[in-house]
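Overview (structure and organization)
Here are the chains, one letter per residue:
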Amino acid sequence: MPDGEDTPAAEPTGVPRPQPGEVVLVGAGPGDPDLMTVGGQRALAEADVVVTDRLVPLAALDAVRADALVIDVAKVPGGRSTPQETINDLLVEHALAGRRVVRLKGGDPFVFGRGGEEALACAAAGVPVRVLPGVTSSVSAPALAGIPVTHRGTTQGFTVVSGHVPPGHPDCTVDWKALASTGTTLVVLMGVRTLPAIAEALVQGGLDPRTPAAVVADAGLPSQRRVDGTVATIADVVAESGIGAPAVTVVGHVVDVLS
């Protein structure tokens, strides 16, 4: 090789590169640690790193080893919020360092939990991913408050939608008019702030304004609350009661089944 031309650096010998660890997406359920799966608890006990949300039951973290790293990436409505890209990078960074990483999320990772985005980010970096589903609040919150989302002779199905953007917003892809005519139970997650607009859209779409509705807040926690009304009144009832997120709204005649 001619003088002055760079020679390639020799590969270090005898220093093994760390093998990628793995990322486990764990659903922590709605808030009661008793509703977390056995598999989820086992994954926590085996984790080297736990990346956790604000909606997970704090008691679930009792299963984490004392020497494990716990990283809080909470997204607080109207407050501090960890960008999703930062969360993705944390998962990949620690897994590529050979660590066992648990991404602990409230509810179920794939029900408005952005678990799909995290799985894709890990896959793109060559990081193995497992999913341990959780008890989703879309079903458990109503159940804990005495509301079955389906009931024979009352409804033959239910629809779960996100209410984080209101009807008519450029980012809204929900057909509220279509939902108003399904004849099934409607469950709205992340819809406290937008509830007035949602209720109005449902009535304008043809839903009887007398249709029963309820909102369940802090499901599975000692602070759990339920308020009732109709689709025409529920937004005012919620405002008067001071209920805030996290809360689940249920619209349909199942609200009155066990009342």
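Relevant structure appears above.
Residues numbered from 1 in each chain as written. Predicted model: local features only at pLDDT ≥ 70, side-chain atom pairs only at ≥ 80, totals over all residues. Heavy atoms only, no water.

**Focus on the pairing of strand β10 (residues 247-251)**
With five of five residues buried, β10 lies mostly within the body of the structure. The alternating pattern of β10 places A247, T249 and V251 on one face and V248 and V250 on the opposite face, and all of these are buried. With four bridges connecting them, strand β7 (residues 185-189) and β10 associate as antiparallel partners. Each bridged residue has a counterpart across the sheet, and for L186 the counterpart in β10 is V251. Relative to β10, strand β8 (residues 212-217) is paired through five bridges, and the arrangement is antiparallel. Within β10, the residue paired with A217 across the bridge is A247. (Buried < 20%, exposed > 50% of the residue type's maximum accessible area, 1.4 Å probe, protein only. Helix = DSSP H or I, 4+ residues; strand = E, 2+ residues; numbered from the N terminus. Pairing = 2+ DSSP bridges.)

**Observations regarding the sheet that holds strand β5 (residues 129-132)**
Here we have five strands laid out as an open sheet, ordered β3-β2-β4-β1-β5, and parallel in their pairing. If you trace the sheet from one side to the other, it starts and ends with β3 (69-72) and β5, each paired once. Sheet twist, expressed as the average angle between the axes of neighbouring strands with direction ignored, equals 20°. Taken together, the six bridges between strand β1 (residues 22-27) and strand β4 (residues 100-105) define a ladder with parallel strand orientation. Residue pairing for β4: V23 is matched across the bridge by V101. Set on the sheet, helix α1 (residues 38-46) makes contact with β1, β2 (49-52), β4 and β5; between it and β4 the angle comes to about 135°. (Axes fitted to C-alpha atoms, helices over the stretch in contact; angles between N-to-C directions. Contact = heavy atoms within 4.5 Å.)

**Some words on the environment of P148**
Tracing the sequence through the fold places P148 in the loop between α4 (137-144) and β6 (158-162). P148 sits 102 residues away from V250 along the chain, and the two C-alpha atoms are 9.9 Å apart. Ignoring any residue separated from it by four or fewer positions in sequence, one finds P148 in contact with V254, V257 and L258.

**Quick look at the layout of surface pockets**
Within this model, the largest pocket holds a volume of roughly 1,300 Å³. Lining the largest pocket are 45 residues, with R54, L55, F112, M190 and P246 positioned closest to its centre. Of all the secondary structure elements, the ones that give two or more residues to the lining of the largest pocket are α2 (84-96), β4, α4, β8 and β10. Along the lines of polarity and charge, the residues of the lining of the largest pocket split into 21 nonpolar, 14 polar and ten charged. For the second largest pocket, the calculated volume is near 160 Å³. Lining the second largest pocket are 16 residues, with G183, T184, L207, T211 and G252 positioned closest to its centre. Elements that contribute at least two residues to the lining of the second largest pocket include exactly α5 (176-180) and β7. (1 Å grid on protein atoms, 1.4 Å probe; cavity = no way out; pocket = protein on both sides within 12 Å on 5 of 7 lines; lining within 4 Å. Points joined across faces, edges and corners; volume = space filled by probe spheres on them. Nonpolar A, V, L, I, M, F, W, Y, C, P; charged D, E, K, R; others polar.)

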